[in-house]
Amino acid sequence: MLGTFAPLAASANTPTSGIIAQSADMESALKAYNSGQMDQALSLAKSAAKAGSTDGAVMAGHILRKGETGRIDYVEARRWYEKAAVFNHPDALVALGEMGIREQGGLTTADAVSYLTRASDGGRTDAMRALADLYRTGQGVSANTDQEQVYLKRASESFDKDATKRLGDSLFESNPQEALKHYEKAAEAGQIEAAYIAGVMYAENYDIRPDAQKSSHWLKIAAEGGHAAAQADYGLRVYQGWGAKRSEAEAAEWFRKSAEGGDSEGQFLYAFTLAKGEGVTQNFEDAYYWVLKSGNSSVEDYNKDRQALRERLEANVDPDILARAKARL
């Protein structure tokens with residue numbers, strides 16, 4: 001929540017000397033915070049808040065809520081946030097909303113709805129998404145899917161890519177075609193998970209016409225964004241030449257990235273290419289290491305292929321090499 005503070009806010013009735021004092025204290029508080037001197041930052045933030053700085057009050061609340069001086073104090077954090085919330089400081093409203101959801105500092109989910117609604121009215125899309133969650137789950141309000149959609153659409157229209165992706169999620173089962181539109185819109189804005197889902201939908205969803213080029217396009221974007229599962233899937237497209245130019249070397253590189261990113265399918269595929277020496281130098285030790293690392297899956301065909309590769313390696317590779325791979329786990 002804390003990071004970049006909004007411009008310093010002062011009452012129209014604050015004397016010039018008071019504005020100077022709160023500005024000086026706030027600047028010093030920011031310097032202390034950024035240098036890790038949390039006790040000093042808290043003291044200076046409180047001084048700035050007492051002089052009228054809503055940003056100082058937000059900083060004090062943040063430090064206390066996160067326990068950055070070594071002590072968490074939700075009650076006092078709430079008190080400082082509320083000083084800023086009186087002036088509708090958006091960070092304070094969202095922070096109080098988060099505390100209400102978690103029932104911290106004596107706040108309730110009903111309080112959360114109130115604070116988040118004010119933040120939403122002020123244009124905070126993260127508050128809109130949080131309200132959508134509350135209306136979906138019925139926390140602090142009566143469950144209402146129509147209201148959930150209202151807040152997600154409002155956030156999406158304010159160019160919130162995560163809300164746009166969430167709209168896709170909410171329509172995935174009932175209207176896959178409409179869900180795909182939202183996923184693609186979110187992906188165009190840089191939402192990596194949405195790009196991955198769009199790529200998979202163009203390949204596997206029965207309600208969507210298969211399109212190899214579009215599937216590979218979105219999977220590549222997600223893969224380039226560091227999505228480990230997308231790296232495995234896009235690598236497989238490249239390996240097969242399905243919607244992408246075939247290249248064993250490029251496929252092996254995507255499998256490597258996926259494996260190192262922790263995706264079990266990517267780990268198996270990388271083990272497979274290492275064992276065969278396709279697109280990469282053949283290396284039985286690394287192949288055995290990654291096939292062991294990949295673990296079991298809920299997909300039966302995957303488990304069969306994994307077990308078959310493991311058995312072939314164990315039957316044909318020097319036991320000392322296999323032992324070295326096991327020792328790396």
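One can find the structure itself at the top, above this paragraph.
A quick note: this is a predicted structure, and the numbers were derived from the prediction, not measured.

Undergrad: Help me understand the packing of helix α13 (residues 228-240) against helix α15 (residues 264-276), please; the structure alone is not making it clear to me.
TA: Helix-helix packing: each pair is described by the crossing angle between the helix axes and the interaxial distance. For the pair α13 and α15, interaxial distance at closest approach is 9 Å and the crossing angle is 35°. Where α13 abuts α15, its residues A232, D233, L236 and Y239 lie against E265, G266, L269 and F272. Residues of the contact of α13 with α15, tallied by class, amount to five nonpolar, one polar and two charged.

Undergrad: What exactly am I supposed to notice about the packing of aromatic side chains here?
TA: The description of an aromatic ring pair uses the distance of the two centres, along with the angle that the planes make with each other. The final tally for this structure, using the stated rule, is seven aromatic pairs. Measuring from centroid to centroid gives 5.7 Å for Y234 and W254, while their planes differ by 80°, and the two rings are edge-to-face. In this pair, Y234 sits in helix α13 while W254 sits in helix α14 (residues 248-260), placing the two residues 20 residues apart along the sequence. The two residues Y234 and W254 agree in class, both being buried. Each ring, one from Y289 and one from W290, has its centre 5.0 Å from the other, and the planes form 75°; the classification is edge-to-face.

Undergrad: Quick question: what am I supposed to make of α13 here?
TA: Residues spaced three or four apart along an α-helix face the same direction, because each turn holds 3.6 residues. End to end, α13 covers 19 Å across 13 residues, agreeing with the expected 18 Å (1.5 Å per residue, within 8%). Taken across its 13 residues, α13 has 12 buried, putting it largely inside the fold. Of the residues making up α13, those classed as buried are A228, A229, A230, Q231, A232, D233, Y234, G235, L236, R237, V238 and Y239. Of the surrounding elements, those touching the buried residues of α13 are α11 (192-204), α12 (212-224), α14 and α15.

Quick notes on the rules
Residues numbered from 1 in each chain as written. Predicted model: local features only at pLDDT ≥ 70, side-chain atom pairs only at ≥ 80, totals over all residues. Heavy atoms only, no water. Axes fitted to C-alpha atoms, helices over the stretch in contact; angles between N-to-C directions. Helix = DSSP H or I, 4+ residues; strand = E, 2+ residues; numbered from the N terminus. Contact = heavy atoms within 4.5 Å. Nonpolar A, V, L, I, M, F, W, Y, C, P; charged D, E, K, R; others polar. Phe/Tyr/Trp six-rings, centres within 6.5 Å; stacked < 30°, edge-to-face > 60°. Buried < 20%, exposed > 50% of the residue type's maximum accessible area, 1.4 Å probe, protein only. Expected span 1.5 Å × (residues − 1).

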